[in-house]
Amino acid sequence: MSLADEKKTVMGLSWTSTVHDGPETACRNGLVQLLAPATLHLSLDSGKIFSNSSETILNVFSVSDAMTDDGRQRTVQAVGNAGTLGSSPWLSFAQTIGVPDGAFDKDTGGYVCTADGLYLASFTVGAKAHATSSVDLVVVKKSGHSKTFTAGRDSVRRNGETTIAHEFLLDCPVGASIVVRMKREEFTDTTGFHLNTFSVIPYLPRKVVAQAWSLLKDYTSYTQGAPMDPFYFNLVTYNKDGLWDENTRVVKIKIAGYYYVYVSSGTGEDKPLHLSVQRNGLKVIEITHEPKTQNNNESEGHGVIVALNANDVLKVVGAVESYSYSTKEGLITSFFGMILYPM
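The structure displayed is predicted, hence computed values, not measured ones.

Caption draft 1: Here's a closer look at the sheet that holds strand β21 (residues 273-279). Sheet architecture is open: five strands sit in the order β18-β19-β24-β21-β22, paired in antiparallel fashion. Each edge of the open sheet carries a strand with a single partner, namely β18 (244-245) and β22 (282-289). Examined bridge by bridge, β21 and β22 share seven bridges and lie antiparallel to one another. When the sheet's bridge partners are listed, V277 is paired in β22 with I285.

Written out as structure tokens, the structure reads:
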């Protein structure tokens with residue numbers, strides 16, 4: 001599947017593995033640099049898509065229009081070179097877009113937070129067939145303390161290229177670095193798809209008061225007898241706007257607007273996952289993972305731009321049967337959202 005403008009493919013999602021006996025969610029993210037006016041179209045280049053009303057989604061918004069450029073905090077997009085790691089554990093990047101001087105190191109893949117605040121960081125990678133693939137996003141503070149977020153595909157039964165993607169809304173202090181680090185070298189890239197990317201967007205909404213939340217879970221949950229409704233997140237990364245209520249486990253919207261909402265989870269060996277975001281009790285998006293051919297842990301994520309009214313209630317629900325895998329070392333399971341535009 002590819003996204004293209006009038007001239008060329010700007011990014012793609014690759015999933016050529018045929019080893020699965022049930023539906024599963026595959027998503028990716030990325031930034032593109034376009035000149036107005038521009039038209040984008042989504043194409044299914046090969047294969048088939050399974051979808052219900054909450055799975056196949058295309059989200060697009062203008063970073064330059066939605067976010068403020070204060071001269072210091074700027075958006076960066078880096079495109080990596082698959083298979084060129086050499087002896088270094090770091091992903092190397094061939095090109096970058098919109099990088100202020102001194103804010104990005106191509107050799108280490110590190111983005112320096114030039115001011116305290118929230119940053120939307122994301123990466124995508126192409127995972128080779130029959131290989132374990134794992135990527136870390138590490139926030140390294142000036143003190144040397146770090147926090148690691150992991151996404152991967154550790155099942156070696158995949159017989160074709162697949163795409164791994166993950167997004168994080170991070171509260172990053174000034175001087176800290178956001179670094180992408182590959183644990184293993186089993187990565188690839190379909191020509192023109194730009195599968196190996198790293199992006200950082202400072203969250204500085206231009207047209208509306210900032211409203212955001214960011215939650216994590218650092219242990220595994222298995223809903224066998226009853227659903228987890230609402231799903232519980234035990235770590236709060238950001239809740240300064242008071243949207244998340246830990247007692248009721250829901251987010252209550254204060255300002256009407258268009259929000260970007262994202263949920264992610266790890267999956268377990270031969271175990272299903274049905275994790276949805278619901279608005280006022282109705283499903284908005286869902287991660288579906290039902291294959292019985294997975295022989296190790298993997299990770300899935302899904303995001304959507306949705307119009308929300310004041311007093312709307314959002315919650316994450318783990319249906320029966322759902323196995324949500326996460327660890328203190330990897331922090332795979334997450335739920336975050338942020339307002340982009342007023343309504």
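Caption draft 2: Local environment of the nonpolar core. Formed by 42 residues in total, the largest nonpolar core has its most connected members in W213, V251, V261, L314, V316, F335 and M338. The element best represented in this core is strand β26 (residues 333-342), accounting for six residues. Residues F123, I164, L170 and I178 belong to the second largest nonpolar core, which totals 24 residues.

Caption draft 3: Here's a closer look at empty space enclosed by the protein. Enumeration over the complete set of coordinates arrives at two cavities of 30 Å³ or more. Here the largest cavity defines a volume of roughly 60 Å³. What lines the largest cavity is W15, T25, A26, C27, R153, T163, I164, A165, S299, E300 and G301. Elements represented by at least two residues in the lining of the largest cavity include exactly β11 (162-172) and β23 (298-308). The residue makeup of the lining of the largest cavity, split by class, is five nonpolar, four polar and two charged. Approximately 50 Å³ is the volume attributed to the second largest cavity. Taken together, F149, E167, F168, L169, L170, S214, L215, L216, T237, S334 and F336 make up the full set of residues lining the second largest cavity.

Caption draft 4: Main features of the state of the cysteines. Applying the stated criterion across every chain, the model contains one disulfide. Paired by a disulfide, C113 and C172 hold their sulfur atoms 2.1 Å apart. On the S-S bond that ties C113 to C172, the torsion sits near 100°, and the link is right-handed. Taken together, the positions of C113 in the loop between β7 (110-112) and β8 (117-127) and C172 in strand β11 put the pair 59 residues apart, joining distant regions of the chain. Each member of the pair, C113 together with C172, is buried.

Calculation rules
Residues numbered from 1 in each chain as written. Predicted model: local features only at pLDDT ≥ 70, side-chain atom pairs only at ≥ 80, totals over all residues. Heavy atoms only, no water. Pairing = 2+ DSSP bridges. Helix = DSSP H or I, 4+ residues; strand = E, 2+ residues; numbered from the N terminus. Core = buried A, V, L, I, M, F, W, Y, C linked by side-chain atoms within 4.5 Å. Buried < 20%, exposed > 50% of the residue type's maximum accessible area, 1.4 Å probe, protein only. 1 Å grid on protein atoms, 1.4 Å probe; cavity = no way out; pocket = protein on both sides within 12 Å on 5 of 7 lines; lining within 4 Å. Points joined across faces, edges and corners; volume = space filled by probe spheres on them. Nonpolar A, V, L, I, M, F, W, Y, C, P; charged D, E, K, R; others polar. Disulfide = S-S within 2.5 Å.

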